[in-house]
Amino acid sequence: MDQTLDEVNKHCGEHVQAYASCVDSHSDTWKTDCVDLRKALTECSDKNVTLMKMVRLSCQPVIDKYQDCLNRNSQSPQVCVDSLRDLYECTESVGQMMEKMNSLQRKHGGLAPSKASDNSSSPTKE
């Protein structure tokens, strides 16, 4: 996960800083006052960090459950620890899947399956 955060900072560092500054400046109203900055950060990370996009696609129901819990329990977020644990487990499983996929790509020379099958499905010229 540290590598993912490094990638987000590398590609979206300005967005991270702007969002963090907004949250710090609006401690009571950050959920509404910083929503546009949060969306910009999310879009940047989805566009530039493959793992973040895969986590969002694969774990969206778990993300939503955790977010709902935080919204319902803003005064005592510790009650959301089980939802946070589920989110952590989901993100870790996506990360492990991505690592396996990257390992297979390196092992097989980085060929995408569609490239490997292009030769076998092409008609031969006579």
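Please refer to the structure placed before this passage.
Calculation notes
Residues numbered from 1 in each chain as written. Predicted model: local features only at pLDDT ≥ 70, side-chain atom pairs only at ≥ 80, totals over all residues. Heavy atoms only, no water. Core = buried A, V, L, I, M, F, W, Y, C linked by side-chain atoms within 4.5 Å. Buried < 20%, exposed > 50% of the residue type's maximum accessible area, 1.4 Å probe, protein only. Helix = DSSP H or I, 4+ residues; strand = E, 2+ residues; numbered from the N terminus. Contact = heavy atoms within 4.5 Å. Axes fitted to C-alpha atoms, helices over the stretch in contact; angles between N-to-C directions. Parallel < 35°, antiparallel > 145°, perpendicular 65-115°, else oblique. Nonpolar A, V, L, I, M, F, W, Y, C, P; charged D, E, K, R; others polar. Left-handed = near helix turned anticlockwise from the far one by under 90°. Expected span 1.5 Å × (residues − 1). Disulfide = S-S within 2.5 Å.

Asks: Residue-level account of the nonpolar core, with values.
Replies: In terms of nonpolar packing, the biggest core is built from eight residues, these being V8, C12, Y19, C22, C34, L41, C44 and V49. Going through the elements one at a time, α1 (2–25) and α3 (35–48) are the ones with two or more residues in this core. For C34, the residues in contact, after removing those within four places along its chain, are Y19, C22, V23 and H26. Core analysis: the next-biggest nonpolar cluster, separate from the first, contains six residues, L51, V55, C59 and V94 among them.

Asks: How would you explain the environment of M52 if you had to name every residue and give the values?
Replies: Tracing the sequence through the fold places M52 in helix α4 (residues 50–72). Considered as a pair, M52 and G95 are 43 residues apart in the sequence and their alpha carbons are 9.3 Å apart.

Asks: Which residues make up the packing of α4 against helix α5 (residues 81–107), and what values do they have?
Replies: At their nearest, the axes of α4 and α5 sit 9 Å apart, and the two run at 170° to each other. When the axes of α4 and α5 are compared, the pair comes out roughly antiparallel. Within the contact between the two elements, α4 uses T50, L51, M54, V55, S58, C59, V62, I63, K65, Y66 and C69 and α5 uses S83, L84, D86, L87, C90, T91, V94, G95, M97 and M98. Here the residues of the contact of α4 with α5 sort into 14 nonpolar, five polar and two charged.

Asks: Break down the packing of α3 against α4 for me, with residues and values.
Replies: At a minimum axis separation of 5 Å, α3 and α4 run at an interaxial angle of 110°. Comparing their axes, α4 and α3 come out roughly perpendicular. You can see that α3 and α4 cross each other, and the crossing is left-handed. Note on element contacts: α4 touches α3 through T50, M52, K53 and R56, opposite T42, S45, D46 and N48. Classifying every residue of the contact of α3 with α4 by side-chain character gives one nonpolar, four polar and three charged.

Asks: Tell me about α5, and please be specific about residues and values.
Replies: Its 27 residues place the ends of α5 39 Å apart at the C-alpha level, agreeing with the 39 Å of an ideal helix rising 1.5 Å per residue. The set of residues buried in α5 consists of S83, L87, C90, T91, V94, G95 and M98. Turning to α5, the residues buried within the fold contact α4. One or two positions beyond α5, positive phi appears at G109, with a value near 75°.

Asks: Pulling in residues and values, what's your account of the side chain of S83?
Replies: Residue position: S83 is located in helix α5. Contact partners of S83, with chain neighbours within four places excluded, come to V62, K65, Y66 and C69.

Asks: Explain the state of the cysteines to me, using residue names and the numbers behind them.
Replies: The full count for this structure, using the stated rule, is four disulfides. In this model C12 forms its disulfide with C44; the gap between the sulfur atoms is 2.1 Å. Here C12 and C44 share a disulfide; its torsion about the S-S bond, -95°, makes the bridge left-handed. Linking C12 in helix α1 with C44 in helix α3, this pair joins segments that are 32 residues apart in sequence. The residue that forms a disulfide with C69 is C80, at a sulfur-sulfur distance of 2.1 Å. Handedness of the C69-C80 disulfide follows from its S-S torsion of about -95°: it is left-handed. Of the two residues, C69 is situated in helix α4 and C80 in the loop between α4 and α5; the sequence distance between them amounts to 11 residues.

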